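Coordinate inspection notes
Here is how the chains run, residue by residue.
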Amino acid sequence: MPVYYDKKRKSYFISTSYTVSHGTYKKKTVRGFQSKKDAEAYDELLKAKLQKNTSTVLMELLGINNGTNTSIQAIGKELKISNLLAEWYIESKKSNLAYSTYYNRKKVFEKSIIPFFNDKDIRKIKAAEITEWLDQLASEKLSITTIREYFSKLSQLYSYANRVYEINYDPTKSVKPPKLRDAKIKEKVIWNWEQFQSFIHEVDDSKYFTLFWLLWQTGLRIGELRGLKWYDFKRRTKELFIERQITDANSSEGELKSRNSYRTYYLDDYTVKYLNDFYESEAGRENFSMDEYIFGNCYTPIGRGEIEKHLDLYISRANKKRQRKLPAKFTPHCFRHSLVSILFAQGYTEIDIGKLIGDNPLTVRKTYAHFIPSTRQEMVNYYHEMNEKIMNFEQK
């Protein structure tokens, strides 16, 4: 059956008609595939289901003899890693999984898991092979945090297979990934006001001045910034609506990371002025539309690489004039870290900050706990003062 592209939904789908028992005519359509490859993989599986007895199909694919004691639930689908991954995405889509989350998951499988295990049936993967895979990841100098993330993705796939197909097999439970306590703590790179000041005064391009100023003021995720359109900026009310992001998968529009990510910024006068000035310079173009991306090329969003290149350029310029260099490895996402550190230092809570940057308070506390000022010494000082009063008490 052919694979079609749905322009409205910006995804692929398959559709076929077939006859079941007693001549009943049926039509089946499956939507929501983000790539043609995923749709074709599911298409092959569906063809096999319609043409043969399901259990016979999978027995042939897995090389299982009819005499083998195998549960029907486990034979319901082809259990290759790539096929399970596609099905897992379809199920996750129903629970509003952000495409960026699926894309990052898919990237891990395609980069490491599928090549190492040769996309075999997951019931044929042994615990010893998983241990060997983890050792290989370690030899590639990947961080413990990254290795644990890769392992978690494979473990989640087994959880899905056990829940849906009742295979009663999960070798990841017999394998212990490296412990997080052995991982090196990766400090977040941040700027203070003085460092940002020396940087922003080197930015001589109006587009990039506005872009970096907005990142500093709002802590937007890079995908959210790339997805901004002119109609999201309300000039009269000084508001900026965050309603979409650009994914790295194919630079297409996608849903935001979570429900909390859909939010409204109330902008200060400086930020409004810089956005207004940039708007005036853009609105004079022929065929200008409010539906254009603010920092893109009309209807094409700005690339992540372009932002990073110009960030490095202006940091380099600033460093030539500074005695103390700006911190190395400062990325666009570090603007977000910098904003959070400054707000915590000013006494704002994780609830306030979470609403601003589009995260829930628990995530803010977990991610930025080391930015939260400690009040432990203040408490010690308070008790010391109270104890002095107690010990210096004079009986009247």
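Residue numbers here run from 1 along each chain, matching the order of that chain's written sequence. Residue-level local features of this predicted model are given only where pLDDT is at least 70; pairs of side-chain atoms are given and counted only at 80 or more, and the full residue set underlies all totals for whole chains, interfaces and linings. Values reported for side chains reflect all heavy atoms of the structure, with hydrogen atoms and water molecules removed beforehand.

The next thing to look at is the overall build of the protein. In this text, helices come from DSSP runs of H or I with a minimum length of four residues, and strands from runs of E with a minimum of two, each type numbered from the N-terminal end. Secondary structure summary: the protein contains 15 helices and 8 strands in total. Relative accessibility decides the category of a residue: with a 1.4 Å probe and only protein chains considered, values under 20% of the type maximum give buried, values over 50% give exposed, and everything between is partly exposed. Taken across its 396 residues, the protein has 44% of its residues classed as buried. Note on definitions: a residue-residue contact is assigned when non-hydrogen atoms from the two residues lie within 4.5 Å. Across the protein, the fraction of contacts at a sequence separation of at least 24, relative to all contacts at a separation of at least 6, is 60%. Under the convention used here, a 1.4 Å probe and the Shrake-Rupley method define accessible areas, while residue burial counts only the protein chains that appear. Here the protein displays about 23,500 Å² of accessible surface, and carbon together with sulfur accounts for 49% of that area.

A general feature of soluble globular proteins is that nonpolar side chains tend to end up buried together. With 44 residues, the main nonpolar core has F199, F212, L225 and F335 as its most contacted residues. Within the residue set of this core, elements represented by two or more residues are α7 (193–200), α8 (206–218), α9 (222–226), β5 (239–242), α10 (269–283), α11 (304–321) and α12 (334–345). Every residue in contact with F335, bar those within four places of it in the chain, is listed here: W191, F196, F199, F212, L215, W216, L311 and F330. Here, the term nonpolar core denotes a set of buried Ala, Val, Leu, Ile, Met, Phe, Trp, Tyr and Cys residues that are joined through side-chain atoms within 4.5 Å. Counting 27 residues, the second-largest nonpolar core is a separate cluster that includes I81, W133, L157 and V175.

The next point concerns helix α6 (residues 144–165). Along an α-helix, residues three or four positions apart point the same way, because every turn accommodates 3.6 residues. In this analysis, the expected span of each helix is defined as 1.5 Å times one less than the number of residues it contains. Here α6 spans 31 Å end to end across 22 residues, near enough to the 32 Å set by a 1.5 Å rise per residue. Within α6 the residues assigned to the buried category are I144, I147, Y150, F151, K153, L154, L157, Y158, Y160, A161 and Y165. One or two residues past the end of α6 sits E166, with phi positive at roughly 50 degrees.

Burial along strand β8 (residues 263–266) is one-sided: R263 and Y265 are buried, and none of T264 and Y266, which face the opposite way, are. The pairing of β5 with β8 spans 4 bridges and is antiparallel. Its bridge partner lying in β8, L240 is registered against Y265. A strand pair is defined by DSSP finding two or more bridges across the two strands.

Looking now at the environment of S139. Structurally, S139 can be placed in helix α5 (residues 127–139). We call two N or O atoms a polar contact when they sit within 3.5 Å, provided that within protein one can donate a hydrogen and the other can accept it, with sequence-adjacent residues counted only if both atoms are side-chain atoms. At a separation of 2.5 Å, a polar atom in the side chain of S139 contacts the main-chain carbonyl oxygen of Q136.

This part covers the packing of aromatic side chains. Ring geometry is summarised as follows: Phe, Tyr and Trp rings, the Trp one being its six-membered ring, pair when their centres sit within 6.5 Å, and such pairs are stacked at plane angles under 30 degrees, edge-to-face over 60 and tilted between the two. Applying the stated rule across the entire model yields 28 aromatic pairs. Relative to F117, the ring of F116 lies with its centre 5.0 Å away and its plane at 80 degrees, an arrangement referred to as edge-to-face. Judged by relative accessible area, F116 falls into the partly exposed class, the value being 21%. For a Lys NZ or an Arg CZ to count as sitting over a ring, it must be within 6 Å of the ring centre and within 35 degrees of the ring normal. We note R105 situated over the ring of W88; from NZ or CZ to the ring centre the distance is 3.7 Å. If you follow K229 out to its NZ or CZ, it ends over the ring of Y293, 5.0 Å from the centre.

Any Lys or Arg side-chain nitrogen found within 4 Å of a carboxyl oxygen on Asp or Glu counts as a salt bridge. One pass over the full model with this rule turns up 23 salt bridges. Notably, a salt bridge pairs R221 with E224, separated by 2.7 Å at the nearest N-O pair. With a relative accessible area of 9%, R221 lands in the buried category. Among the salt bridges present, the one from E253 reaches R244, with a minimum N-O distance of 4.0 Å. Residue classification places E253 among the partly exposed residues on the basis of a relative accessible area of 28%.

Okay, the confidence of the model for the protein next. Values of pLDDT, the confidence the predictor places in each residue, fall between 0 and 100. Averaged over every residue, the pLDDT of the protein is 82; the share at 70 or more is 81%. In the model, residues 52–76 has pLDDT below 50 throughout and makes 31 contacts with residues more than four positions away in sequence or in other chains.

Looking at where T172 falls in the secondary structure, it is placed in the loop between α6 and α7. Excluding anything up to four places from it in sequence, T172 contacts I130, F151, L154, S155 and Y158.

Okay, unusual backbone geometry next. With the exception of glycine, most residues fall at negative phi, and the peptide bonds are largely trans. Of note in the backbone geometry, K238 takes a positive phi value of approximately 60 degrees without being a glycine. Assignment of secondary structure puts K238 in the loop between β4 (233–234) and β5. For K238, a relative accessible area of 32% translates into the label partly exposed. Positive phi outside glycine occurs at N287, with the angle close to 65 degrees. Relative to the elements of secondary structure, N287 occurs in the loop between α10 and α11.

Turning our attention to the environment of Y150. Take Y150: it is sitting in helix α6. We classify Y150 as buried; its relative accessible area is 8%. Remark: the alpha-carbon pair of Y150 and L134, spanning 16 residues in sequence, is separated by 8.9 Å. Y150 has contacts with V108, K111, S112, I113, W133, L137 and L142, leaving out every residue within four places of it along the chain.

With 13 residues, α8 ought to run about 18 Å at 1.5 Å a step, and its terminal C-alpha atoms sit 18 Å apart, in line with that. Counting buried positions over the 13 residues of α8 gives 10, a clear majority of the element. Of all the positions in α8, only Y208, F209, T210, L211, F212, W213, L214, L215, W216 and T218 are classed as buried. If you check the start of α8, you find a side-chain oxygen 2.9 Å away from the backbone N of K207, and it comes from D205. G219 sits one or two residues past α8 and shows a positive phi near 70 degrees.

Once that is clear, we can look at the packing of α12 against helix α13 (residues 350–357). Working convention: axes come from line fits to C-alpha atoms, limited for helices to the stretch in contact. Angles between N-to-C directions cover 0 to 180 degrees. Direction vectors running N to C along α12 and α13 enclose 150 degrees, while the axes themselves pass 10 Å from each other. Relative to α13, the element α12 lies roughly antiparallel. In this structure, α12 crosses over α13, and the sense of that crossing is right-handed. In this structure, α12 uses R336, L339, V340, L343 and F344 to contact α13, whose residues at the interface are E350, I353, L356 and I357. Three residue categories are used. Nonpolar comprises Ala, Val, Leu, Ile, Met, Phe, Trp, Tyr, Cys and Pro, charged comprises Asp, Glu, Lys and Arg, and polar comprises the others, including Gly. A per-class count over the contact of α12 with α13 returns 7 nonpolar, no polar and 2 charged. Orientation labels follow simple angle bins: below 35 degrees gives roughly parallel, above 145 gives roughly antiparallel, 65 to 115 gives roughly perpendicular, and whatever is left gives oblique. Crossings are classed by handedness, with left-handed meaning an anticlockwise turn of the near helix from the far one by less than a right angle and right-handed meaning a clockwise turn.

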